[in-house]
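One letter stands for each residue in the lines below.
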Amino acid sequence: MFSGLYRLMGMMLLLIISGFLMREKGIITDAGKKCLTDIILYAVLPCNIIKAFSADLAEGFWGKFLQVFIAAVLVQVLSLMVARFMYRRMPSGEKEVYQYGTACPNSGFMGNPLAEGVFGQAGLLYAAVFLIPQRVVMWTAGVSYFQKGQDKRKIYRKVLLHPCMFATYIGLIIMAFRISLPGVIKDTIISLSNCCTALTMVYIGTVLSGVDFKGIMGKNQIYFAWIRLVMIPLLVFTGGRIAGADKLAVGVCTLLSATPAGSTTSILAAKYEADEVAAAKSVVFTTALCVITIPLWSAFLLNGLNM
């Protein structure tokens with residue numbers, strides 16, 4: 001079990017290093033990095049989601065589906081509460097950055113390959129369910145940290161038409177009605193889906209490129225990283241075990257709650273004139289740390305849940 005986990009984490013680390021080196025050498029340019037993001041967001045992740053919902057369902061799945069969805073909603077409520085109360089003493093501009101990074105981690109980008117790599121096909125399906133409430137929070141409550149008096153119709157439209165949400169609708173229809181996709185379509189979806197881990201980890205490597213790591217370890221950054229990478233997943237794990245939830249559901253929810261701040265933290269901070277520097281530091285610092293913390297969480301979950 002653990003030899004397979006270490007092999008997986010070693011592969012992910014090497015992919016991150018390859019992305020870092022390609023960015024450093026100019027093989028991946030600024031335009032290439034944006035293109036890579038769009039490919040993952042608009043093609044690879046949606047196919048990964050549809051693949052998850054196309055899997056054969058085990059007996060009693062729908063009860064577990066509901067359990068994972070409820071757990072995901074509770075995790076979002078927990079994250080929003082932590083975001084509200086844990087940064088009260090932070091200066092305006094920087095405070096909003098940490099609130100958004102706490103409520104909206106990089107699970108939508110990293111979650112699927114992590115869940116599939118650690119927990120297999122069932123883990124991927126649970127991850128797709130877990131991410132539904134997060135994507136809603138990301139474009140509603142998340143954006144509200146930076147912008148007041150926003151146009152709610154535009155926000156709801158953005159949530160409903162997000163490519164990953166659209167893939168979720170398709171996946172749910174396939175799963176509910178047991179639709180069998182034509183072979184050529186299924187093979188295409190699987191081929192694109194299989195790129196998910198490699199492209200996602202390479203992208204993370206590009207994020208880490210060109211960073212002065214000495215300048216990102218401030219007191220506030222360490223505090224935020226502890227909340228994002230340790231405290232929240234620990235609360236999720238503890239709550240799930242106390243509630244007696246399904247082991248796989250607890251494992252997936254905890255692992256996806258242990259992901260770093262998402263790159264949208266920097267994008268929104270720049271757009272709405274928040275603390276852009278703090279945002280960039282929070283993304284890079286937590287992404288660099290997750291190279292250590294996620295393997296530790298994965299090993300802990302597999303051992304602690306006896307999976």
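To be clear, the structure that these remarks concern was listed above.
Residues numbered from 1 in each chain as written. Predicted model: local features only at pLDDT ≥ 70, side-chain atom pairs only at ≥ 80, totals over all residues. Heavy atoms only, no water.

1. What about the overall build of the protein?
Convention followed: Strands here mean DSSP runs of E at least two residues long; helices mean DSSP runs of H or I at least four residues long; both are numbered from the N terminus. Note on method: radius of gyration uses C-alpha positions; expected globular size equals 2.2 Å times residues raised to 0.38. With a 1.4 Å probe rolled over the protein chains alone, any residue whose accessible area is under 20% of its type maximum counts as buried; one over 50% counts as exposed, and the rest are partly exposed. Whether two residues are in contact is decided by their heavy atoms, any of which lying within 4.5 Å being enough. Using a 1.4 Å probe, accessible areas were evaluated by the Shrake-Rupley method; residue-level cover was limited to the displayed protein chains.
Assigned secondary structure in the protein consists of 14 helices and zero strands. In the protein, the succession of helices and strands from N to C terminus is α-α-α-α-α-α-α-α-α-α-α-α-α-α. Over its C-alpha atoms the protein spans a radius of gyration of 18 Å, differing by no more than 12% from the 19 Å that the globule rule assigns to 307 residues. C-alpha atoms of the protein, sized along the principal axes, occupy 50 × 45 × 45 Å. Taking all 307 residues of the protein together, 50% fall into the buried category. A fraction of 84% describes how many contacts in the protein between residues 6 or more apart in sequence connect residues 24 or more apart. Total accessible area computed for the protein in this model is approximately 14,400 Å², and 65% of it derives from carbon and sulfur atoms.

2. A look at helix α4 (residues 94-103)
Most of α4 is tucked away, with nine of its 10 residues classed as buried. Restricting attention to buried positions, one finds in α4 the residues Glu94, Glu96, Val97, Tyr98, Gln99, Tyr100, Gly101, Thr102 and Ala103.

3. What to know about the side chain of Thr286
Using the following cut-off: Side-chain atoms alone can form a polar contact between residues adjacent in sequence; in general such a contact is a pair of N or O atoms within 3.5 Å, and within protein one must be able to donate a hydrogen while the other accepts it.
Turning to its location among the elements, Thr286 is positioned in helix α14 (residues 276-304). One polar contact links the side chain of Thr286 to the main-chain amide nitrogen of Ala261, over a distance of 3.2 Å. Polar side-chain contacts of Thr286 include one of 2.6 Å to the backbone oxygen of Ser282. Every residue in contact with Thr286, bar those within four places of it in the chain, is listed here: Phe224, Ala225, Leu229, Pro260 and Ala261.

4. Digging into the state of the cysteines
Short version of the rule: The disulfide definition used here is simple: a pair of cysteine sulfur atoms within 2.5 Å.
Taken as a whole, this structure holds zero disulfides when the rule is applied. Cys47 takes part in no disulfide bond, and the closest cysteine sulfur to it belongs to Cys195, at a distance of 9.2 Å. With no disulfide of its own, Cys196 lies 8.8 Å from the sulfur of Cys195, the closest cysteine sulfur.

5. Regarding the environment of Val118
When you line up the elements, Val118 lands in helix α5 (residues 107-139). Sequence separation of Val118 and Ser266 is 148 residues, and the distance between their C-alpha atoms is 28 Å.

6. Notes on α14
Definition in use: Think of it this way: the bend at a residue is just the angle between two axes, each fitted to seven residues, one set ending at that residue and the other starting at it.
At Cys290, α14 is bent by approximately 45°, the largest bend along its length. Within two residues after α14, Asn306 carries a phi angle of roughly 55°, on the positive side.

7. Focus: the environment of Asn306
Examined against the element boundaries, Asn306 turns out to sit in the segment after α14. Take Asn306: its relative accessible area is 63%, and that puts it in the exposed class. Counting along the chain gives 60 residues from Asn306 to Asp246, while the straight-line C-alpha distance between them is 12 Å. With residues near it in sequence (within four places) discarded, Asn306 still touches Lys247 and Leu301.

8. Regarding the pattern of salt bridges
Put simply, the test is: By definition here, a salt bridge exists when the distance from a side-chain nitrogen of Lys or Arg to a carboxyl oxygen of Asp or Glu is within 4 Å.
Counted under the stated rule, the structure contains three salt bridges. A salt bridge links Asp38 to Lys34; the nearest nitrogen and oxygen atoms lie 3.2 Å apart. With a gap of four residues between them, Asp38 and Lys34 both fall in helix α2 (residues 30-53), about one helical turn apart. Looking at Asp38, the relative accessible area reads 29%, which means it is partly exposed. One salt bridge connects Glu116 with Lys51, and the closest N-O pair in it is separated by 2.9 Å. With Glu116 in helix α5 and Lys51 in helix α2, the pair connects residues that are 65 residues apart, well separated along the chain. Given a relative accessible area of 15%, Lys51 falls into the buried group.

9. Points about the side chain of Lys51
Within the structure, the side chain of Lys51 is placed 3.4 Å from the side chain of Asn194, a separation counted as a polar contact. Ignoring anything within four residues of it in the chain, the contact list for Lys51 reads Glu116, Gln121, Leu124, Ile189, Ser193 and Asn194.

10. Topic: the packing of helix α11 (residues 219-243) against helix α12 (residues 247-257)
Test applied: The angle between two axes is taken between their N-to-C directions and runs from 0 to 180 degrees, where each axis is a line fitted to C-alpha atoms and a helix contributes only its stretch in contact. The labels follow the angle: roughly parallel below 35 degrees, roughly antiparallel above 145, roughly perpendicular from 65 to 115, and oblique for the rest. Working rule for handedness: look at the near helix, and if it is turned counterclockwise from the far one by less than a right angle, call the crossing left-handed; if clockwise, right-handed. Here the nonpolar group is Ala, Val, Leu, Ile, Met, Phe, Trp, Tyr, Cys and Pro; Asp, Glu, Lys and Arg are the charged ones; every other residue, Gly included, is treated as polar.
At a closest axis distance of 8 Å, the pairing of α11 and α12 adopts a crossing angle of 165°. The angle between α11 and α12 places the two elements in the roughly antiparallel class. For the crossing formed where α11 meets α12, the hand is right-handed. Along its contact with α11, which presents Arg228, Ile232, Pro233, Val236, Phe237, Gly240 and Arg241, the element α12 presents Lys247, Val250, Cys253, Thr254 and Ser257. A class-by-class count of the residues in the contact of α11 with α12 yields six nonpolar, three polar and three charged.

Shape is all these values report; function is a separate question.
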